[in-house]
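Fold and contact review
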Amino acid sequence: MQVALDDYVWAAGVATDLVNTAPEVWHGEDKLPDLDSLVAFAELHSILVDTRPSDLRAVHRLRVTVRDLIDHPNRAGLVTGATALTSAIGVLSLDASSDHARWTASLRPGATVSDSFSLVCGVGILGAVRALGAERFRACGAPVCRGAFIDTTRPGRRRYCMPGLCGNRVNVANHRARRATTHTPRGHQA
Ligand SMILES: [Zn+2]
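To keep things clear, this report deals only with the structure shown in the data block. (Residues numbered from 1 in each chain as written. Predicted model: local features only at pLDDT ≥ 70, side-chain atom pairs only at ≥ 80, totals over all residues. Heavy atoms only, no water.)

Looking at the coordination of the zinc ion
- Binding of the zinc ion to the protein goes through Cys140 (SG), Cys145 (SG), Cys161 (SG) and Cys166 (SG), at separations of 2.2 to 2.3 Å.
- For the zinc ion, the four donor atoms in the first shell make angles of 101 to 116° at the metal, a pattern classed as tetrahedral.
- Here the donor residues of the zinc ion share one chain and are spaced in sequence as C-x4-C-x15-C-x4-C. Across this residue pair, the class does not change: Cys140 and Cys145 are buried. (Donors = N, O, S within 2.8 Å, 3.2 Å for Na, K, Ca; no water. Tetrahedral: all angles 85-135°; square planar, octahedral: opposite > 155°, others 65-115°. Buried < 20%, exposed > 50% of the residue type's maximum accessible area, 1.4 Å probe, protein only.)

Describing the packing of helix H3 (residues 54–71) against helix H4 (residues 75–85)
- Packing of H3 against H4 leaves a shortest axis separation of 10 Å and a crossing angle of 160°. In terms of axis orientation, H3 runs roughly antiparallel to H4. In this structure, H3 meets H4 at a crossing whose hand is left-handed. On H4, the residues that touch Leu62, Thr65, Val66 and Leu69 of H3 are Gly77, Leu78, Gly81, Ala82 and Leu85.
- Of the residues contributing to the contact of H3 with H4, the split by class is six nonpolar, three polar and no charged. (Axes fitted to C-alpha atoms, helices over the stretch in contact; angles between N-to-C directions. Helix = DSSP H or I, 4+ residues; strand = E, 2+ residues; numbered from the N terminus. Parallel < 35°, antiparallel > 145°, perpendicular 65-115°, else oblique. Left-handed = near helix turned anticlockwise from the far one by under 90°. Contact = heavy atoms within 4.5 Å. Nonpolar A, V, L, I, M, F, W, Y, C, P; charged D, E, K, R; others polar.)

A look at the nonpolar core
- In terms of nonpolar packing, the biggest core is built from 41 residues, with Val66, Phe117, Ile125, Phe137 and Ile150 touching the most fellow members.
- Mapped onto this core, the elements with two or more residues apiece are helix H1 (8–19), helix H2 (35–44), H3, H4, strand S3 (102–107), helix H5 (113–131) and strand S5 (148–150).
- Among the elements that take part in this core, H5 stands out by supplying nine residues, more than any other.
- In contact with Val66, other than residues within four places in its own chain, are Ala15, Val19, Leu85, Cys121 and Ile125. (Core = buried A, V, L, I, M, F, W, Y, C linked by side-chain atoms within 4.5 Å.)

Things to note about the sheet that holds S3
- The strand order across the open sheet formed by three strands is S1-S3-S2, and the pairing between neighbours is antiparallel. Of all the strands in the sheet, the pair left with one neighbour each is strand S1 (2–4) and strand S2 (89–95). Across the sheet, the mean angle from the axis of one strand to that of its neighbour is 30°, orientation sign disregarded. (Pairing = 2+ DSSP bridges.)

A look at unusual backbone geometry
- A positive phi angle, close to 50°, is found at His27, a residue other than glycine.
- Checked against the element boundaries, His27 lands in the loop between H1 and H2.
- The backbone of Ser46 sits at a positive phi, close to 60°, despite the residue not being glycine.
- Looking at the element boundaries, Ser46 is found in the loop between H2 and H3.

Considering the pattern of salt bridges
- Under the criterion given, the structure shown has seven salt bridges.
- In this structure, Arg67 and Glu24 form a salt bridge, with 3.6 Å as the shortest nitrogen-oxygen distance. Of this pair, Arg67 sits in helix H3 while Glu24 sits in the loop between H1 and H2; the two residues are 43 residues apart in sequence, bridging distant segments of the chain.
- Looking at Arg67, the relative accessible area reads 11%, which means it is buried.
- When its relative accessible area of 38% is taken as the criterion, Glu24 is described as partly exposed.
- Each of Glu24, Arg67 and Asp71 takes part in a single network of salt bridges with overlapping partners. (Salt bridge = Lys/Arg side-chain N within 4 Å of Asp/Glu carboxyl O.)

Concerning the packing of aromatic side chains
- Going through the model one piece at a time under the given rule, you end up with one aromatic pair.
- Taking the ring centre of Trp26 as reference, the NZ or CZ of Lys31 above it sits at 4.4 Å. (Phe/Tyr/Trp six-rings, centres within 6.5 Å; stacked < 30°, edge-to-face > 60°. Lys NZ or Arg CZ within 6 Å of the ring centre and 35° of its normal.)

Written as structure tokens, this is what we have:
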């Protein structure tokens, strides 16, 4: 498997998706509870490496490591921590199959699916730090959500870990709050 080093947006997205499978984000329910769910998650992100039973715990550990990095976004710490994640790198090369040759990192032989996720997360974090800066590592802005994300949008104003879910929840809550304010009978204010 190869990771394009200039495709940090994809890689950072995988890192974001991984941390947001954690039980702390889902009121105790782990979204990667077993090997089948890990295989599905890997396939969803085009990470096609054989999965072994020991990978589940390794990916859970990686998830904690990546979350800890996002939660403590200082530049030096992010670089050191993400560099450690790239230890499964085998060969650095150019993919020259198209007009625009791209830097690619391949996994060393025998690398596991957790090694793959580790390399992808490392590339995603390093790329985002380099191109966008440490302030792009954030906690979800929804009051009830414990998720986190790496903001790779161009303007850098992303607020939610899962925009479709957390953003909608906040919109619904704001709408209800506005309605409640509008419908409060007057005359009760001191
Ligand atoms: Zn969220």
